[in-house]
Amino acid sequence: MEEISALAAAETVAILNKTDVTMIAKIPYKLIKGLIDKSEEYGKAITLKDTSSLIEQPISEETRSILLILYREYWCNNEEKENLDKQLIESESEFEKEETERLNPFKESQNFTSENNISKIENNSSNISTALITIQKKWYVRIFDKIIRFFRKK
């Protein structure tokens, strides 16, 4: 099990203190005791807004995750669990998709996929030399390049 922060444990305990007793009775005592012990490490008092809903509360994402796990494991019925699992899988795949797009090193070069753009790049790169050392191509590569250029002209 991952270690949770003292802040998240304190916020979770504060929320559970305002929760209905019948719902808390469904959570194992060992888990509640562990949250209380961890929350004692946090020195400050947690204040929650009485008039606000849980979504509007100023709590950390880790606390929201803990409450989601408690809700799924102890308070949901099977149908709600399935719907929640589907939503979690969809949001996870959407997050992964956004991350791969954000971290894609070739995202700027994807605009050059058409053949016209590729031929423009090839023409520009043949005219500009940025190398410090020029390496002569083999004789058969130069002949092959000339043949290719001949057929491209037509």
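Everything quoted here is computed from the prediction, not taken from an experiment.

Asks: Explain the overall build of the protein chain to me, using residue names and the numbers behind them.
Replies: For the protein chain, the helix and strand inventory stands at seven helices and zero strands. Ordering the α and β elements of the protein chain from the N terminus gives α-α-α-α-α-α-α. When burial is assessed residue by residue, the protein chain has 18% of its 154 residues classed as buried. By sequence separation, contacts in the protein chain at least 24 residues apart represent 64% of the contacts at least 6 residues apart. Here the protein chain has roughly 13,100 Å² of accessible surface; of this, 56% comes from carbon and sulfur atoms.

Asks: Mind laying out a negative patch on the surface, listing which residues take part and the relevant values?
Replies: Taken together, Glu90, Glu94, Glu98 and Glu101 make up a surface patch of like negative charges. Assessed through its relative accessible area of 45%, Glu98 is described here as partly exposed.

Asks: Explain helix α4 (residues 61-75) to me, and be specific about the residues and the numbers.
Replies: In this model α4 runs 20 Å from its N-terminal to its C-terminal C-alpha over 15 residues, within 8% of the 21 Å that 1.5 Å per residue would give. Taken residue by residue, α4 has Thr63, Ile66, Leu67, Leu70 and Trp75 as its buried positions. In a view along the axis of α4, the buried residues occupy a sector of 105 degrees, so they form one face of it. Along α4, the residues that are exposed and aim more than 90 degrees away from the buried face are Glu61 and Ile69. The secondary structure elements touched by the buried residues of α4 are α1 (6-17), α2 (21-24), α3 (29-39) and α5 (78-103).

Asks: Got a sec to walk through the nonpolar core? Specific residues and values, please.
Replies: Of all hydrophobic cores here, the largest spans 16 residues; its most connected members are Leu16, Ile27, Leu35 and Leu70. Residue assignment for this core shows that the elements contributing at least two residues are α1, α3 and α4. Broken down by element, the residue count for this core peaks at six residues, all from α1. Contact partners of Ile27, with chain neighbours within four places excluded, come to Leu16, Ile32, Leu70, Tyr74 and Trp75.

Asks: Could you give an account of the packing of α1 against α4, naming the residues involved and the relevant values?
Replies: Where α1 meets α4, the axes come as close as 8 Å, and the angle between the chain directions of the two elements is 50 degrees. Relative to α4, the element α1 is oriented oblique. Considering only the axes of α1 and α4, their crossing is right-handed. Contacts from Leu7, Ala8, Glu11, Thr12, Ile15 and Leu16 of α1 reach α4 at Glu62, Thr63, Ile66, Leu67, Leu70 and Trp75.

Asks: Before we move on, could you go through the packing of α1 against α3 and cite the residues and values that matter?
Replies: In contact at an axis separation of 8 Å, α1 and α3 are set at 125 degrees when each is read in the N-to-C sense. One way to sum up the angle between α1 and α3 is to call them oblique. Pair α1 / α3 crosses with left-handed handedness. Across from Ala6, Ala9, Ala10, Thr12, Val13 and Leu16 in α1, the residues of α3 making contact are Leu35, Ile36, Lys38 and Ser39. A per-class count over the contact of α1 with α3 returns seven nonpolar, two polar and one charged.

Asks: Account for α3, naming residues and giving values.
Replies: Burial in α3 covers these residues: Ile32, Leu35, Lys38 and Ser39. Along the axis of α3, the buried positions cluster into a sector of 130 degrees, meaning they face one direction only. Projecting away from the buried face of α3 at angles above 90 degrees are the exposed residues Tyr29 and Lys30. Those residues of α3 that are buried lie in contact with α1 and α2.

Cut-off values and rules
Residues numbered from 1 in each chain as written. Predicted model: local features only at pLDDT ≥ 70, side-chain atom pairs only at ≥ 80, totals over all residues. Heavy atoms only, no water. Helix = DSSP H or I, 4+ residues; strand = E, 2+ residues; numbered from the N terminus. Buried < 20%, exposed > 50% of the residue type's maximum accessible area, 1.4 Å probe, protein only. Contact = heavy atoms within 4.5 Å. Areas by Shrake-Rupley, 256 points an atom, 1.4 Å probe, with all protein chains shown as cover. Patch = residues over 30% accessible without salt bridge, like charges linked within 9 Å, V, L, I, M, F, W, Y side chains within 5 Å. Salt bridge = Lys/Arg side-chain N within 4 Å of Asp/Glu carboxyl O. Lys, Arg positive; Asp, Glu negative; His and termini not counted. Charge placed at Lys NZ, Arg CZ, Asp CG, Glu CD. Expected span 1.5 Å × (residues − 1). Arc of directions from axis to C-beta. Core = buried A, V, L, I, M, F, W, Y, C linked by side-chain atoms within 4.5 Å. Axes fitted to C-alpha atoms, helices over the stretch in contact; angles between N-to-C directions. Parallel < 35°, antiparallel > 145°, perpendicular 65-115°, else oblique. Left-handed = near helix turned anticlockwise from the far one by under 90°. Nonpolar A, V, L, I, M, F, W, Y, C, P; charged D, E, K, R; others polar.

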